[in-house]
Amino acid sequence: MNKTRKLIQQYLINSKKNKLISISIYNLFQTDIWKSKNSMVFFGSFSSFEKANKAANDLELYAFETDVVILEVGLDEVFEQ
């Protein structure tokens, strides 16, 4: 219970200072060399670009006539004014 209370207090402090609170996730896709949307295959979501790139290397997604796309997506962005 104390951890939850501390997180709520920290959120309120940050929102009072007009700070951006955001979480980024990185989505990993394999696509053809033309990067058409029809060819995109989703392989997972990761907490960092490095982890997504490591997974692409481990799964051998970098291949002849294919490309890897790692998209950064903001999650739960909160602006207080």
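Just so it is clear, the model here is predicted, and its values are computed rather than measured.

Draft legend 1. Layout of the overall build of the protein chain. Across its full length, the protein chain carries two helices and three strands. Along the protein chain, from the amino end to the carboxyl end, the secondary structure elements read α-β-β-α-β. By residue count, 22% of the 81 residues in the protein chain fall in the buried class. Across the protein chain, every contact between residues at least 6 apart in sequence was considered, and the portion connecting residues at least 24 apart equals 59%. For the protein chain, the exposed surface amounts to about 6500 Å²; the carbon and sulfur share of it is 55%.

Draft legend 2. Quick look at the nonpolar core. In this structure, Tyr26, Leu28, Ala52, Ala55, Ala56, Leu61, Val68 and Ile70 together form the largest nonpolar core, which totals eight residues. Of all the elements in the fold, those that place two or more residues in this core are β1 (21-32), α2 (49-58) and β3 (66-78). The element best represented in this core is α2, accounting for three residues. Tyrosine 26 has contacts with Gly44, Ser45, Phe46, Ser47, Ser48, Phe49, Ala52, Ile70, Leu71 and Glu72, leaving out every residue within four places of it along the chain.

Draft legend 3. Highlighting the pattern of salt bridges. Here the structure, examined in full by the defined rule, presents two salt bridges. Aspartate 67 serves as the salt-bridge partner of lysine 35, at 3.3 Å between the closest nitrogen and oxygen. Residue lysine 35 is located in the loop between β1 and β2 (41-46), and its partner aspartate 67 is located in strand β3; the two are separated by 32 residues in the primary sequence.

Draft legend 4. Up close: α2. Turning to α2, its buried residues number three or more, namely Ala52, Ala55 and Ala56. Summarising the axial view, the buried residues of α2 lie within an arc of 100°, below the 170-degree limit, and thus occupy one face. In α2, the exposed residues that point more than 90 degrees away from the buried face are Glu50, Lys54 and Asp58. Just past α2, the residue glutamate 60 takes up positive phi, approximately 55°.

Draft legend 5. Main features of a nonpolar patch on the surface. On the surface, Val41, Phe43 and Leu59 cluster together into a nonpolar patch covering about 250 Å² of accessible area. The topology assignment puts leucine 59 in the loop between α2 and β3.

What counts, and where the lines are drawn
- Residues numbered from 1 in each chain as written.
- Predicted model: local features only at pLDDT ≥ 70, side-chain atom pairs only at ≥ 80, totals over all residues.
- Heavy atoms only, no water.
- Helix = DSSP H or I, 4+ residues; strand = E, 2+ residues; numbered from the N terminus.
- Buried < 20%, exposed > 50% of the residue type's maximum accessible area, 1.4 Å probe, protein only.
- Contact = heavy atoms within 4.5 Å.
- Areas by Shrake-Rupley, 256 points an atom, 1.4 Å probe, with all protein chains shown as cover.
- Core = buried A, V, L, I, M, F, W, Y, C linked by side-chain atoms within 4.5 Å.
- Salt bridge = Lys/Arg side-chain N within 4 Å of Asp/Glu carboxyl O.
- Arc of directions from axis to C-beta.
- Patch = residues over 30% accessible without salt bridge, like charges linked within 9 Å, V, L, I, M, F, W, Y side chains within 5 Å.

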